Amino acid sequence: MAVQVSVIATSSLGDRSYLASDGRTAVVVDPQRDVDRVMRLAGAVGARITHVIETHIHNDYVSGGLELARLTGARYLVAAADDVGFDRLPIADGDVIGVSEAVRFRAVATPGHTFHHLSYVLDESTDGGWKPLGVFTGGSLLFGTTGRTDLLGEQHAHELAHQQHASAKRLAELLPDGAQVWPTHGFGSFCSASQADAPESTIGREKRANPVFRLAAAEFVTETLAGLDTYPAYYAHMGVANAAGPAPVNLTPVARADAGQLRDRIAAGEWVVDLRHRKAYAVSHLAGTISLGLDGPMSTWLGWLIDWGTPVTLLAETPEQVADAQRELVRIGIDRPAAQATGAPQQWATQPDAVREMLVADFPTLAAAQAGQTPAGLPDPQVVLDVRLTNEWRDGHVADAIHVPLPDLRRRLTDIPAGTIWVHCGSGYRAAVAASLLSNAGRDVVLVNDLFDHAAQAGVRLTR
């Protein structure tokens, strides 16, 4: 049987894990923490997991590698240069790992995303020897971009960017143009310098399309560092957890909270998160809750905004949605929510007046308001607040808007001028988070639930 590589996508975090199998044995690369997904896939292809590989100590999620190796008896491959708190098979540049008569892996040092980053070439046996099928590049060479180089600290970003450039060139020299590229990051992950430009790729395509091959080293470093924006605060905890050795996950249901307990948790300053879509949240929600819908990158923004260790309670329409949220959260190290409740806001409130609504508009409505024709039922936009990230703001923004990136909003609430706030982002998701935080702080808010790409066509005055 030919070697097959299966993708295990975690779209909410923008990452991919992989299972490579010859039909009897399987190798897993960069698994997420909820390893039951991986074991089900291995069972479906009828293969036994013999090796688990980490390309690097991840910054954007808690790894499931250690637990997967423990459950399956597989050998756990981690860079020898990484200082970790568990037993593993230490791997260095040039090491060859025999998996079966048909499959082997070769470790290639590709520093840049981290100092000890390794890529792994997958070779398949042929009558004439070994043929490289592709390379698992982790956070090194991505689709149309490379992994960011500042996650170990800004003081290392310049040196690592130079190394990232050299690592990409090394892979291109080592492998034929037809070799597949299988990165871990780049599909929405903040570990990527920019986002993937294709669903799949090869070395040859990257040599044509990726700026790392078009630019000289100095130019690549300058462009890469200039393009980096902020990244989630919870990343600071991921590398530490992965180096220490993450504990097994517990995805069993958590305790149910009644209306009185929800009221008390909100009063205590805990985070009570409403997982419903922002449209449902706007129609009615429990006062004091925060809109973080499961339809978007809930765990990324929750982990970014929360004070680490603050208890989290989850509200959803169904138990299945709570279970989905628990799975999302363990991937970033929020292991056990404090409580959960399902149903509707009216069931979560101790008093009818604890159920609130939120005013909603779109960009055509904002354009009308800018022209002095605010529709009936909506207050005038005395403040237009843009909560997108800095690079998005620089590319173009609403004229006379105030810019406070969502990650900074909680500590900069007093910087926002008095008056009714119309808040927007790129799609409406982050704006809903911001609107709930502002409303909880006592501000009058209108949520602009629309794509920013529609703003110019709608007639909104923009500037750069």
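Residues numbered from 1 in each chain as written. Predicted model: local features only at pLDDT ≥ 70, side-chain atom pairs only at ≥ 80, totals over all residues. Heavy atoms only, no water.

*Asks:* I keep staring at the overall build of the protein chain and nothing clicks. Help me out?
*Replies:* Each helix and strand counted, the protein chain has 16 helices and 25 strands in total. For 464 residues, the compact-globule formula gives about 23 Å, and the C-alpha radius of gyration of the protein chain, at 24 Å, lands near that figure. With respect to the principal axes defined by its C-alpha atoms, the protein chain has extents near 75 × 50 × 40 Å. For the protein chain, the proportion of its 464 residues judged to be buried stands at 55%. For the protein chain, contacts bridging at least 24 residues in sequence account for 68% of all contacts bridging at least 6. About 18700 Å² of surface is accessible on the protein chain, with carbon and sulfur atoms providing 49% of the total. Charge separation in the protein chain, taken as the distance between the mean sites of 38 positive and 52 negative side-chain charges, equals 2 Å. (Helix = DSSP H or I, 4+ residues; strand = E, 2+ residues; numbered from the N terminus. Rg over C-alpha atoms; globule rule 2.2 N^0.38 Å. Buried < 20%, exposed > 50% of the residue type's maximum accessible area, 1.4 Å probe, protein only. Contact = heavy atoms within 4.5 Å. Areas by Shrake-Rupley, 256 points an atom, 1.4 Å probe, with all protein chains shown as cover. Lys, Arg positive; Asp, Glu negative; His and termini not counted. Charge placed at Lys NZ, Arg CZ, Asp CG, Glu CD.)

*Asks:* Quick question: what am I supposed to make of the packing of helix 3 (residues 154-174) against helix 6 (residues 217-227) here?
*Replies:* Between two packed helices, both the angle of their axes relative to each other and the distance between the axes serve to describe the pair. Put simply, helix 3 and helix 6 touch, their axes get as near as 9 Å, and they point 125° apart. Viewed along their axes, helix 3 and helix 6 adopt a mutual orientation that is oblique. Seen from above, helix 3 lies across helix 6 with right-handed handedness. Taking contact as the criterion, the partners of Ala157, His158, Ala161, His162, Gln164 and His165 in helix 3 are, on helix 6, Ala217, Phe220, Val221 and Leu225. Of the residues in the contact of helix 3 with helix 6, the class split is six nonpolar, four polar and no charged. (Axes fitted to C-alpha atoms, helices over the stretch in contact; angles between N-to-C directions. Parallel < 35°, antiparallel > 145°, perpendicular 65-115°, else oblique. Left-handed = near helix turned anticlockwise from the far one by under 90°. Nonpolar A, V, L, I, M, F, W, Y, C, P; charged D, E, K, R; others polar.)

*Asks:* Could you clarify how one ought to interpret the nonpolar core in this entry?
*Replies:* Generally speaking, nonpolar side chains in soluble globular proteins are found buried as a group. Counting 51 residues, the largest nonpolar core has Leu292, Leu302, Leu385, Leu406, Leu409 and Val423 as its most contacted members. Looking at which element gives the most residues to this core, the answer is helix 15 (residues 429-440), with eight residues. If we skip the residues at most four places from it in the chain, Leu406 touches Trp301, Leu305, Val387, Arg430, Val433, Ala434 and Leu437. Among the nonpolar cores identified, the runner-up in size contains 21 residues, and Ile53, Ile91, Val99 and Leu118 belong to it. (Core = buried A, V, L, I, M, F, W, Y, C linked by side-chain atoms within 4.5 Å.)

*Asks:* Can you walk me through the packing of helix 10 (residues 298-305) against helix 11 (residues 319-330) in this structure?
*Replies:* Taken N-terminus to C-terminus, the directions of helix 10 and helix 11 make an angle of 55°; their axes are 9 Å apart at the nearest point. One element, helix 10, and the other, helix 11, form an angle in the oblique class. Seen from above, helix 10 lies across helix 11 with right-handed handedness. Counting all contacts with helix 10, which are made through Met298, Ser299 and Leu302, the residues of helix 11 involved are Ala325, Glu328 and Leu329. Taken together, the residues of the contact of helix 10 with helix 11 sort by class into four nonpolar, one polar and one charged.

*Asks:* Can you walk me through the side chain of Arg16 in this structure?
*Replies:* Within the secondary structure, Arg16 sits in strand 2 (residues 15-21). If we skip the residues at most four places from it in the chain, Arg16 touches Val7, Ile8, Ala9, Asp30, Phe143, Pro183, Thr184, Phe187 and Pro199.

*Asks:* For this particular structure, what's the right way to read the sheet that holds strand 2?
*Replies:* Either a parallel or an antiparallel arrangement is found when strands of a sheet pair, and the pairing is made through backbone hydrogen bonds. Taken together, the six strands give an open sheet; going across it, the order is 1-2-3-4-5-6, and neighbouring strands pair in mixed fashion. Either end of the sheet is taken by a strand with one partner, and the two such strands are strand 1 (4-10) and strand 6 (89-91). Between one strand and the next, the sheet's axes are offset by a mean angle of 25°, whatever the strand orientation. Both strand 1 and strand 2 contribute to a ladder of seven bridges, which runs antiparallel. The residue bridging Gln4 from the neighbouring strand is Ser21, located in strand 2. Sitting on the sheet, helix 1 (residues 36-45) touches strand 1, strand 2, strand 3 (25-29) and strand 4 (48-53), and the angle it makes with strand 1 is about 155°. Along the sheet, helix 2 (residues 65-72) makes contact with strand 3, strand 4 and strand 5 (75-79), crossing strand 4 at roughly 150°. (Pairing = 2+ DSSP bridges.)

*Asks:* What is the right way to look at unusual backbone geometry in this model?
*Replies:* Residues apart from glycine generally show negative phi values, whereas peptide bonds are mostly found in trans. Even without being glycine, Asp30 reaches a positive phi, approximately 55°. Take Asp30: it is sitting in the loop between strand 3 and helix 1. We classify Asp30 as buried; its relative accessible area is 0%. In this model, Asp400 sits at a positive phi of 70°, which is unusual for a non-glycine residue. In this structure, Asp400 sits in the loop between strand 21 (397-398) and strand 22 (402-403). Relative accessible area serves as the criterion here: at 67%, Asp400 is assigned to the exposed category.

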